[in-house]
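Below, each chain spelled out in residue letters.
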Protein chains: 2
Amino acid sequence: MKTLDVFKALSNETRLKILNGLREPEKNFPPQDEGDFHLDGVCVSSIQEAVGLSQSTVSGYLATLERAGLVRSKRMGPWTYYKRNEENIRRVLKALEEDL
Amino acid sequence: MKTLDVFKALSNETRLKILNGLREPEKNFPPQDEGDFHLDGVCVSSIQEAVGLSQSTVSGYLATLERAGLVRSKRMGPWTYYKRNEENIRRVLKALEEDL
DNA sequence: TTGATATATCGAGAAACCTCGATTACCTAC
DNA sequence: GTAGGTAATCGAGGTTTCTCGATATATCAA
């Protein structure tokens, strides 16, 4: 979880939009059949539909955000749900305050 | 001064190092003939010597940091001095706290 | 086991970024 | 105006990022 990787993960309009959108899933993503937005997160296809890029691109972006520690994923049946990693995000902000 | 541009500017090890180094110029850059480190800033050649990249690259990096609002420049005679734009940096941090 | 659906990974072409040396512009002193 | 030094811009080659479609993997149902 290096600072540089966090900045790189955030250096893309779509990834920023996803991370931001995940703060209020019901407002920013179409509903999903199963899985609670807040408890479980948002599934890839719902995110894909919202951002309008290909499935592979969105899946890769989510992996990037996860590697940077900004989101966490949970597999439930055939779906993977992504939600913000609030604890880590707060840690990143603290680091920036001292590091920037 | 868009959030995305700030992240892009910070997505480079050298630019991060420059911005950080400018917090304590006398500790991180070789002395310069004229110009006070804190009052005026650090000149390009001093920064260049410290980071060890070409003059054109460093000049470009400084321009990037300035476009992102993270540093400010002042021309004094043949030299251009760069210093941190603390006010803007604080503003960026505030924005991140709400935006991230 | 076969089929259907969700997600992840792979390979490739286009765009952006990194970095350099060369050139240009700027400033000062003669 | 010429010369010398500082900084900014330009052009180019190498690397990374973006984004896609195709393929592979995972899960569940029949």
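Report on the accompanying structure. Predicted, not measured: the structure shown is a model, and the values here were computed from it.

As a further point, take the relation of the copies chain A and chain B. What connects the two chain copies is a rotation about an axis and a shift along it. Laying chain A over chain B is done by rotating through 179 degrees and shifting 0.1 Å along the axis; what remains is an RMSD of 0.1 Å. The transformation relating the two chain copies, once decomposed into turn and shift, fits a two-fold axis. Residue A:Phe7 of chain A places its C-alpha closer to the rotation axis than any other residue of that unit, at 2.8 Å.

Attention shifts here to the protein's contact with DNA strand D. In the neighbourhood of DNA strand D, 20 residues make up the surrounding shell, with A:Ser54, A:Ser56, A:Tyr61, B:Ser45 and B:Ser56 lying closest. In DNA strand D, the atoms that sit within 4 Å of the protein are 66% sugar and phosphate, with bases accounting for the remainder. B:Val44 places a polar main-chain atom, nitrogen or oxygen, 3.2 Å from a phosphate oxygen of DNA strand D. B:Tyr82 has a polar side-chain atom sitting 3.1 Å from a phosphate oxygen of DNA strand D. Contributing elements (two or more residues each) for the surface near DNA strand D: α5 (55-67) of chain A together with α4 (44-51), α5 (55-67) and β3 (79-84) of chain B. Counted by class, the surface near DNA strand D contains eight nonpolar, ten polar and two charged residues.

Looking now at a negative patch on the surface. Taken together, the side chains of A:Glu97, A:Glu98, A:Asp99, B:Glu97, B:Glu98 and B:Asp99 present a region of like negative charge at the surface. Looking at the negative patch, the elements with two or more residues in it are α6 (86-99) of chain A together with α6 (86-99) of chain B. Within the secondary structure, B:Glu98 sits in helix α6.

All names here are of chain B. Strand order across the open sheet formed by three strands is β1-β3-β2, with antiparallel pairing between neighbours. In the strand order of this sheet, the two ends are held by β1 (42-43) and β2 (71-76), each with one partner. With six bridges connecting them, β2 and β3 associate as antiparallel partners. Paired with arginine 72 across the strands is lysine 83, a residue of β3.

So, on to the environment of B:Leu65. All names here are of chain B. Locating leucine 65 in the fold gives a position in helix α5. C-alpha separation for the pair leucine 65 and lysine 8, spaced 57 residues apart in sequence, amounts to 9.5 Å. With near-sequence residues (within four places) excluded, leucine 65 lies in contact with Ala9, Arg15, Ile18, Leu70 and Val71.

Residue and element names in this part refer to chain A. Spatial strand order, β1-β3-β2: three strands in an open sheet with antiparallel pairing. The open sheet has two edge strands with one neighbour each: β1 (42-43) and β2 (71-76). Sheet strands touched by α5: β2 and β3 (79-84). Its angle to β2, the strand with the most contacts, is close to 120 degrees.

Scoring rules and cut-offs
Residues numbered from 1 in each chain as written. Chains lettered and ligands numbered in written order. Predicted model: local features only at pLDDT ≥ 70, side-chain atom pairs only at ≥ 80, totals over all residues. Heavy atoms only, no water. Least-squares fit on C-alpha atoms with pLDDT ≥ 70 in both. Near = heavy atom within 4 Å. Polar contact = N/O pair within 3.5 Å; in protein donor to acceptor, adjacent residues only side chain to side chain. Helix = DSSP H or I, 4+ residues; strand = E, 2+ residues; numbered from the N terminus. Nonpolar A, V, L, I, M, F, W, Y, C, P; charged D, E, K, R; others polar. Patch = residues over 30% accessible without salt bridge, like charges linked within 9 Å, V, L, I, M, F, W, Y side chains within 5 Å. Areas by Shrake-Rupley, 256 points an atom, 1.4 Å probe, with all protein chains shown as cover. Salt bridge = Lys/Arg side-chain N within 4 Å of Asp/Glu carboxyl O. Lys, Arg positive; Asp, Glu negative; His and termini not counted. Charge placed at Lys NZ, Arg CZ, Asp CG, Glu CD. Pairing = 2+ DSSP bridges. Contact = heavy atoms within 4.5 Å. Axes fitted to C-alpha atoms, helices over the stretch in contact; angles between N-to-C directions.

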